[in-house]
Protein chains: 2
Amino acid sequence: MMLKQYVNPGEQRKAQLVQRPRMEAAELADLITTIFHRVQSGGDEAIKEYTTQFDGVDIAELQVTSEEIEQAALHLDDELRRAIDVAYANIMAFHQSQINIPRKVETTEGVECWQESRPIERVGLYIPGGSAPLFSTVLMLGVPARVAGCDQVVLTTPPQQDGSVHPAIIYAAQRCGIDVIIKAGGAQAIAGLVFGTTSIPPVYKIYGPGNQYVMAAKLKAMDYGVAMDLPAGPSEVLVYADASSHPEFVAADLLSQAEHGPDSQVVLVTPDHHILEGVENQLRLQLTELPRRDIAERALAHGYAVVFEDVERSFDFINEYAPEHFIILSDNAEDYLPLVRNAGSVFVGHLTPESAGDYASGTNHTLPTAAYARSYSGVSLDSFIKKITFQKISTAGIQKLGDTIMTMARHEQLQGHAQAVKVRIDYLKTQGANEDA
Amino acid sequence: MMLKQYVNPGEQRKAQLVQRPRMEAAELADLITTIFHRVQSGGDEAIKEYTTQFDGVDIAELQVTSEEIEQAALHLDDELRRAIDVAYANIMAFHQSQINIPRKVETTEGVECWQESRPIERVGLYIPGGSAPLFSTVLMLGVPARVAGCDQVVLTTPPQQDGSVHPAIIYAAQRCGIDVIIKAGGAQAIAGLVFGTTSIPPVYKIYGPGNQYVMAAKLKAMDYGVAMDLPAGPSEVLVYADASSHPEFVAADLLSQAEHGPDSQVVLVTPDHHILEGVENQLRLQLTELPRRDIAERALAHGYAVVFEDVERSFDFINEYAPEHFIILSDNAEDYLPLVRNAGSVFVGHLTPESAGDYASGTNHTLPTAAYARSYSGVSLDSFIKKITFQKISTAGIQKLGDTIMTMARHEQLQGHAQAVKVRIDYLKTQGANEDA
């Protein structure tokens, strides 16, 4: 069997199945602290030294130059440019739809309350390096930053072996209006965003995926008052499939997650054990054609399929698991949406693969892993704004609400709080203001 | 002088002035780890032992009984009950106004994307003990939890010296529909919410203010996958006042913050140095009548007033400071709102004291301190929900968007991602589906 199978697991087994690998940030703490201190005192030079040491690349200037940016467009594959443009437009449309129109509420006569959104002024976007350029993540972070109207957007990514940044990264960044691109990766890049250097403007919040060093550095950044998007672990998919599902779609969706990395989490939930054989056959068949077959096999080795008696029990487990990506492969997919309580992003129906959301449907692909979908949303416009509350009280308002405030303040033994109301009411009396003002 | 004064401070001085006291969570790490381990293995009994040790109170049962809840209503001051009811209604009205109506977006023909809100199913509310019952914080956390529709709301608060919970806390909790009230405080209460015990249901997210032990425990909870509302430091007010302001209002607002605790942050910003003398006189005068005078004086000792040349420079400083509470005492208050970029909650105009928002205007009083208003919002309905993204793709949709997805996937060297699209397009070809389907 490609996937271990569990039929109607009991409570204890279910509790085991929803476990994810624990992060080991604590073990890296000393190294991260050293890197932070060296970047804080050494700035650009310290980051360049770490880039030589960790990435094996000597960098003359950390910032990508305007010439490099111009060149990038010339070296980009035309088909890829068009694809990025389509994805950009879809991601833009969806994140623009998240703009909120503030509503004023008069909670008491003369007491108006409302929220207004403001962009986070300075943000840092981390784009990992690795075997391929993750231009899709540039769009996923750069577009909502643009919709929010962040003043200063800094993108940082490890240089390629020739010291350059891949044209697709540069093009996607340009598309999002990002003009500061830094050639640095790892904890040293995060430290640069926290403290600022000659080349790197400091930021208030840091976004983006990364390996364990980057994650540990983002947690460390919080000690310096710099916020982060999400705690992140290995990527996950949970596929719900039933008798109406197509085994080749089920297998392809499981494999598209499995190829991410050997630690990818791959889970199949079904109320119908008859589908498993067909899925197994398709997994075997499709694996033979997969370039990243070795990686996928290692991920599948700790993946599993669970069979439940009915739809309801299946969804109880799914909500307990709280998957990052949740694909519903069923004729009844839409009927099941009210049952979804915990998930990052949901893919509804046979023709909606996860890869659509990874790249181009318009939804964000930066999502909560490791069961954080129980309490966290994925990245959205909200991640790049603050909602500030406002209140404005009129003469009538303070006269009507004053007693309530003063009573509560006195019972919390905060007489000064009551006094702040009383000086105003006393003043109004001297002015002869009446309650109908 | 009650307040140190700075006139047109330079960049370096401004950088000093916006500094806040650093949290010392790291120093408590060993103690917190010990408490967590003991509560994880010892459950209720471990929490009771800590309650004896730290609070000096022996508790027979951690959960408040239904009899205690019934009794509470009988022992509550009538005036206070009415005040809580008014505040409840206002807080409810404002947080209900934050409910979002999801909008579906068709980003490409046949590609629908939308967000849906879901409550965080299990939440824990921490209400500190101390000299007075903080029933207002019960409303500020309990009301949005109720609006969100959280299934399991657990309130935990240190018992009073007689082993009871104050009737005002119980009444406010009842008002919010909270039926599990736990007599426990400190890091042991937070550990109970993380692991669950016989008396305490485990939760996914923990909210509420607290001392350094509670804050360190909330940070520790994140290691176990339990989220928290906000990093919290000492409370703050920044008052902007100009020639149109009333010195007695300015002084009263500064004092209402100063009386919170000796570490409270109290700042006055003005473009007009002429107002300072009047404010100083009022501070002296009003202090004499303040029961918590000693505390307020200690807070004022590290507070300050800053004079800037003009409104613009004043607001640049205010945004850099990013105050938790920001009061604008000026005839022109509303004109200045577009200048506010970083703040927790804003009090607009002469008749809007901070204490209105602390208790009853309807806005939330759980707000970002320590300059976190640069990147964090205060607690709101959003804090109790997740926004899950959904996408549904039709035959036409996958045919139109398929090439874009496959091109991007191949350039990120994720062939399996492309394959998940290709199996669907191949299937549709065998079915003779055409592009207009």
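Keep in mind that this is a model prediction, so the values were computed, not measured.

Cut-offs and rules
- Residues numbered from 1 in each chain as written.
- Chains lettered and ligands numbered in written order.
- Predicted model: local features only at pLDDT ≥ 70, side-chain atom pairs only at ≥ 80, totals over all residues.
- Heavy atoms only, no water.
- 1 Å grid on protein atoms, 1.4 Å probe; cavity = no way out; pocket = protein on both sides within 12 Å on 5 of 7 lines; lining within 4 Å.
- Points joined across faces, edges and corners; volume = space filled by probe spheres on them.
- Helix = DSSP H or I, 4+ residues; strand = E, 2+ residues; numbered from the N terminus.
- Nonpolar A, V, L, I, M, F, W, Y, C, P; charged D, E, K, R; others polar.
- Pairing = 2+ DSSP bridges.
- Contact = heavy atoms within 4.5 Å.
- Axes fitted to C-alpha atoms, helices over the stretch in contact; angles between N-to-C directions.
- Phe/Tyr/Trp six-rings, centres within 6.5 Å; stacked < 30°, edge-to-face > 60°.
- Buried < 20%, exposed > 50% of the residue type's maximum accessible area, 1.4 Å probe, protein only.
- Lys NZ or Arg CZ within 6 Å of the ring centre and 35° of its normal.
- Buried area = accessible area lost by both parts, 1.4 Å probe.
- Salt bridge = Lys/Arg side-chain N within 4 Å of Asp/Glu carboxyl O.
- Polar contact = N/O pair within 3.5 Å; in protein donor to acceptor, adjacent residues only side chain to side chain.
- Left-handed = near helix turned anticlockwise from the far one by under 90°.
- Parallel < 35°, antiparallel > 145°, perpendicular 65-115°, else oblique.

## What to know about empty space enclosed by the protein
Gaps left between atoms show up when a probe the size of a water molecule is rolled over them. Summed over all chains, the structure comprises two cavities of 30 Å³ or more. What lines the largest cavity is a set of 40 residues, among which Lys205(A), Tyr376(A), Lys205(B), Asp229(B) and Tyr376(B) lie closest to the centre. Only α8 (212-223) and β14 (385-393) of chain A together with α8 (212-223), β8 (227-228) and β14 (385-393) of chain B provide two or more residues apiece to the lining of the largest cavity. If you tally residues by element for the lining of the largest cavity, the top one is β14(A), at three residues. Grouping the amino acids of the lining of the largest cavity by side-chain chemistry returns 19 nonpolar, 13 polar and eight charged. Every residue along the wall of the second largest cavity is listed here: Gly344(A), Asn364(A), Leu367(A), Ser377(A), Gly378(A), Val379(A), Ser380(A), Gln115(B), Lys387(B) and Thr389(B). Of the residues in the lining of the second largest cavity, the class split is two nonpolar, seven polar and one charged.

## What about the sheet that holds strand β4 (residues 122-126) of chain A?
All names here are of chain A. Sheet architecture is open: five strands sit in the order β6-β5-β4-β7-β8, paired in parallel fashion. Where the open sheet ends on each side, the last strands, each with one partner, are β6 (180-183) and β8 (227-228). Relative to strand β5 (residues 152-157), β4 runs parallel, the two sharing five bridges. Across the sheet, the residue bridging to Tyr-126 is Thr-156, located in β5. Across the sheet, helix α5 (residues 135-148) is in contact with β4, β5 and β7 (205-207); its angle to β4 comes to roughly 170°.

## Structural notes on the packing of aromatic side chains
Tallying each qualifying case throughout the model produces 30 aromatic pairs over all chains. Consider the rings of Tyr372(A) and Tyr376(A), whose centres lie 5.2 Å apart with planes at 85°: the pair is edge-to-face. We classify Tyr376(A) as buried; its relative accessible area is 17%. Judged by centre distance (5.7 Å) and plane angle (80°), the rings of Tyr240(B) and Tyr336(B) are edge-to-face. One end of the pair, Tyr240(B), is in strand β9 (residues 236-241); the other, Tyr336(B), is in helix α13 (residues 333-336), and 96 residues separate them in sequence. Taking relative accessible area as the criterion, Tyr240(B) reaches 0% and is therefore assigned buried. Joined through ring pairs, the aromatic side chains of Tyr240(A), Phe315(A), Phe326(A) and Tyr336(A) make up one cluster. A cation sits over an aromatic face here: Arg175(A) above Tyr88(A), 4.5 Å from the ring centre. Against the face of Tyr321(B) rests Arg20(B), its NZ or CZ located 3.5 Å from the ring centre.

## Let's talk about the interface of chain A and chain B
In this complex, chain A contributes 119 residues to the contact, which on the side of chain B involves 120 residues. Across the chain A/chain B interface, buried area totals approximately 10600 Å², and carbon plus sulfur atoms make up 58% of it. The tally of links between chain A and chain B comes to eight salt bridges. Viewed at the interface, chain B and chain A are joined by 69 residue pairs in polar contact (both at pLDDT 80 or more).

## What about the side chain of Thr366(B)?
Within the secondary structure, Thr366(B) sits in the loop between α14 (354-359) and β14. Sequence-distant contacts of Thr366(B), defined by excluding residues within four places in its chain, comprise Met140(B), Leu141(B), Asp229(B), Leu230(B), Gly378(B) and Val379(B).

## A closer look at the packing of helix α4 (residues 78-96) of chain B against helix α6 (residues 167-175) of chain B
All names here are of chain B. The interhelical angle for the contact between α4 and α6, taken along N-to-C directions, is 35°, at an axis separation of 11 Å. Classified by chirality, the crossing of α6 by α4 is right-handed. Counted together, Leu-80, Arg-81, Ile-84, Asp-85 and Tyr-88 of α4 and Ala-168, Tyr-171 and Arg-175 of α6 form the full contact between these two elements.

## Some details on the pairing of β14(B)
With respect to burial, β14(B) is a largely interior element, eight of its nine residues being buried. When strand β13 (residues 345-348) of chain A meets β14(B), the two strands line up parallel, connected through four bridges. Paired with Val348(A) across the two strands is Lys392(B), which belongs to β14(B). Alignment of strand β3 (residues 111-119) of chain B against β14(B), held across nine bridges, turns out to be antiparallel. By the bridge assignment for β14(B), Glu112(B) is matched with Lys392(B).

## Section: the packing of helix α15 (residues 395-411) of chain A against helix α16 (residues 415-430) of chain A
Residue and element names in this part refer to chain A. Two elements in contact, α15 and α16, have axes separated by 9 Å at closest approach and are oriented at 155°. Considering their axes alone, α15 and α16 lie roughly antiparallel with respect to each other. Of the two possible hands of crossing, α15 and α16 adopt the one that is left-handed. Residue-level contacts link Thr-395, Ile-398, Gln-399, Gly-402, Ile-405, Met-406, Ala-409 and Arg-410 of α15 to Gln-415, His-417, Ala-418, Val-421, Lys-422, Ile-425 and Leu-428 of α16. Class assignment for the residues of the contact of α15 with α16 results in eight nonpolar, five polar and two charged.

## Structural notes on the pattern of salt bridges
Tallying each qualifying case throughout the model produces 44 salt bridges over all chains. Across the pair Arg118(B) and Glu116(B) runs a salt bridge whose closest N-O atoms are separated by 3.0 Å. In this structure, Arg118(B) and Glu116(B) share a single accessibility class: buried. Arg293(B) is the partner of Glu297(B) in a salt bridge, and the nearest nitrogen-oxygen pair spans 3.3 Å. Separated by four residues within a single helix, Glu297(B) and Arg293(B) lie in helix α11 (residues 293-301), roughly one turn from each other. With relative accessibility at 30%, the residue Glu297(B) sits in the partly exposed group. The network of salt bridges with shared partners includes Asp382(A), Lys387(A), Asp382(B) and Lys387(B).

## Observations regarding the sheet that holds strand β10 (residues 265-270) of chain A
Two modes of strand pairing occur in sheets, parallel and antiparallel, and in both the strands are linked by backbone hydrogen bonds. Across the sheet, nine strands lie side by side as β1(A)-β11(A)-β10(A)-β9(A)-β12(A)-β13(A)-β14(B)-β3(B)-β2(B); this open sheet has mixed pairing. Looking along the sheet, the strands with just one partner apiece sit at the ends: β1 (4-7) of chain A together with β2 (105-108) of chain B. Each strand axis lies, on average, 20° off the axis of its neighbour in the sheet, ignoring direction. In this sheet, β10(A) lies alongside strand β9 (residues 236-241) of chain A in parallel orientation, the contact comprising five bridges. Within β10(A), the residue paired with Glu236(A) across the bridge is Gln265(A). Contacts from helix α12 (residues 311-321) of chain A reach β9, β10, β11 (304-307) and β12 (325-329) of chain A, with the element oriented near 175° to β9(A).

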